[in-house]
Amino acid sequence: MSDAASMEASLIAAADADIRLPLFERFFAAFPERRASFISIDAASRRMTDETLEMMLGLAKGEGWVWPLVAELVFTHRSYGALPIAEYDAFIDMTVDELGKAAGADWTAEAASAWQRHADALKAMIRKARAEWKSAMPAGAPQLAE
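Residues numbered from 1 in each chain as written. Predicted model: local features only at pLDDT ≥ 70, side-chain atom pairs only at ≥ 80, totals over all residues. Heavy atoms only, no water.

*Asks:* Give me the packing of helix H2 (residues 20–30) against helix H3 (residues 41–61): which residues, what numbers.
*Replies:* The packing of two helices is summarised by the inter-axis angle and the distance between the axes. Contact geometry of H2 with H3 gives a least axis separation of 10 Å together with a crossing angle of 105°. The orientation of H2 with respect to H3, classified from their angle, is roughly perpendicular. Counted together, Arg20, Leu23, Phe24 and Phe28 of H2 and Ile41, Asp42, Ala44, Ser45, Arg46, Met48 and Thr49 of H3 form the full contact between these two elements. Residue composition of the contact of H2 with H3, grouped by class: 6 nonpolar, 2 polar and 3 charged. (Axes fitted to C-alpha atoms, helices over the stretch in contact; angles between N-to-C directions. Helix = DSSP H or I, 4+ residues; strand = E, 2+ residues; numbered from the N terminus. Parallel < 35°, antiparallel > 145°, perpendicular 65-115°, else oblique. Contact = heavy atoms within 4.5 Å. Nonpolar A, V, L, I, M, F, W, Y, C, P; charged D, E, K, R; others polar.)

Shown next as structure tokens:
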């Protein structure tokens with residue numbers, strides 16, 4: 001089975017679960033200071049969870065829209081301050097972990113490996129976007145945290 005097919009199967013297995021609630025509880029437990037960055041946690045949690053899953057699945061499918069979306073999100077996230085790369089990494093890893101919990105017995109080793117491969121690819125893409133934006137910004141512009 002391809003990565004994309006395995007990932008889609010795990011999404012179907014978890015379809016009745018709302019992973020964003022436990023995901024955001026975990027994220028705020030790890031980064032409590034970030035809670036104040038959210039005007040509407042309900043709205044942001046829906047969008048962030050969906051976008052993170054969609055980007056990983058898009059990478060598995062070889063979709064060309066993933067890179068421009070990642071680059072745009074990294075740039076727009078600057079308005080929330082200097083977000084450490086560790087927060088991006090943790091959120092992505094927590095998303096995969098919560099999806100696995102929601103899929104339960106249908107979470108296979110194949111699905112876990114596929115999600116982790118594309119989670120790692122997404123993290124690398126975020127680092128690339130940050131480096132490109134950093135080099136493109138004029139001197140004195142707000143910088144991104146490492």
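Past the structure itself, the notes keep going.
*Asks:* Residue-level account of the environment of aspartate 42, with values.
*Replies:* Relative to the helices and strands, aspartate 42 is located in helix H3. Its relative accessible area of 40% is what places aspartate 42 among the partly exposed residues. Considering only alpha carbons, one finds aspartate 42 and arginine 20, 22 residues apart in sequence, at a separation of 9.1 Å. Within polar-contact distance, the side chain of aspartate 42 engages the side chain of arginine 20 at 3.1 Å. (Buried < 20%, exposed > 50% of the residue type's maximum accessible area, 1.4 Å probe, protein only. Polar contact = N/O pair within 3.5 Å; in protein donor to acceptor, adjacent residues only side chain to side chain.)

*Asks:* I'd like to hear about H2, residue by residue, with values.
*Replies:* All of the buried residues in H2 are Arg20, Leu23, Phe24, Phe27 and Phe28. Buried positions in H2, seen along its axis, are confined to an arc of 125° and lie on one side of it. Summarising the geometry of H2, the exposed residues directed more than 90 degrees from the buried face are Glu25 and Ala29. Packing partners of the buried residues in H2 comprise H3 and helix H5 (85–103). (Arc of directions from axis to C-beta.)

*Asks:* Can you lay out the layout of surface pockets for me, pointing to particular residues and giving the numbers?
*Replies:* There is about 180 Å³ of room inside the second largest pocket. As for the second largest pocket, its lining consists of Leu11, Ala14, Ala15, Ala17, Asp18, Ile19, Arg20, Arg46, Thr49, Asp50, Leu53 and Leu99. A per-element tally of the lining of the second largest pocket places H3 first, with 4 residues. Counted by class, the lining of the second largest pocket contains 7 nonpolar, 1 polar and 4 charged residues. (1 Å grid on protein atoms, 1.4 Å probe; cavity = no way out; pocket = protein on both sides within 12 Å on 5 of 7 lines; lining within 4 Å. Points joined across faces, edges and corners; volume = space filled by probe spheres on them.)

*Asks:* Tell me about the pattern of salt bridges, and name the residues and values.
*Replies:* Under the definition given, this model contains 15 salt bridges. Residues aspartate 42 and arginine 20 are paired through a salt bridge, measuring 3.1 Å at the closest nitrogen-oxygen approach. Remark: arginine 20 occurs in helix H2 and aspartate 42 occurs in helix H3; sequence separation between them is 22 residues. Under the relative-accessibility criterion, arginine 20 is labelled buried at 9%. The partner of lysine 123 in a salt bridge is aspartate 120, with the nearest N and O atoms 3.4 Å apart. Of the two residues, lysine 123 and aspartate 120 both sit in helix H6 (residues 109–136), 3 residues apart, roughly one turn of that helix. Look at the salt bridges and you will find they share partners, linking Asp18, Arg20, Asp42 and Arg46 into a network. (Salt bridge = Lys/Arg side-chain N within 4 Å of Asp/Glu carboxyl O.)

*Asks:* Give me the side chain of glutamate 87: which residues, what numbers.
*Replies:* If you trace the backbone, glutamate 87 turns up in helix H5. The exposure class of glutamate 87 is buried, given its relative accessible area of 6%.

*Asks:* Residue-level account of the packing of helix H1 (residues 3–13) against H5, with values.
*Replies:* Interaxial distance between H1 and H5 falls to 8 Å at its minimum, and their mutual angle equals 60°. Taken together, the axis directions place H1 and H5 in an arrangement best described as oblique. As for the relative orientation of H1 and H5, their crossing is left-handed in sense. Contacts between H1 and H5 involve Ser10, Leu11 and Ala13 from the former and Leu99, Ala102 and Ala103 from the latter. Split by residue class, the contact of H1 with H5 holds 5 nonpolar, 1 polar and no charged. (Left-handed = near helix turned anticlockwise from the far one by under 90°.)

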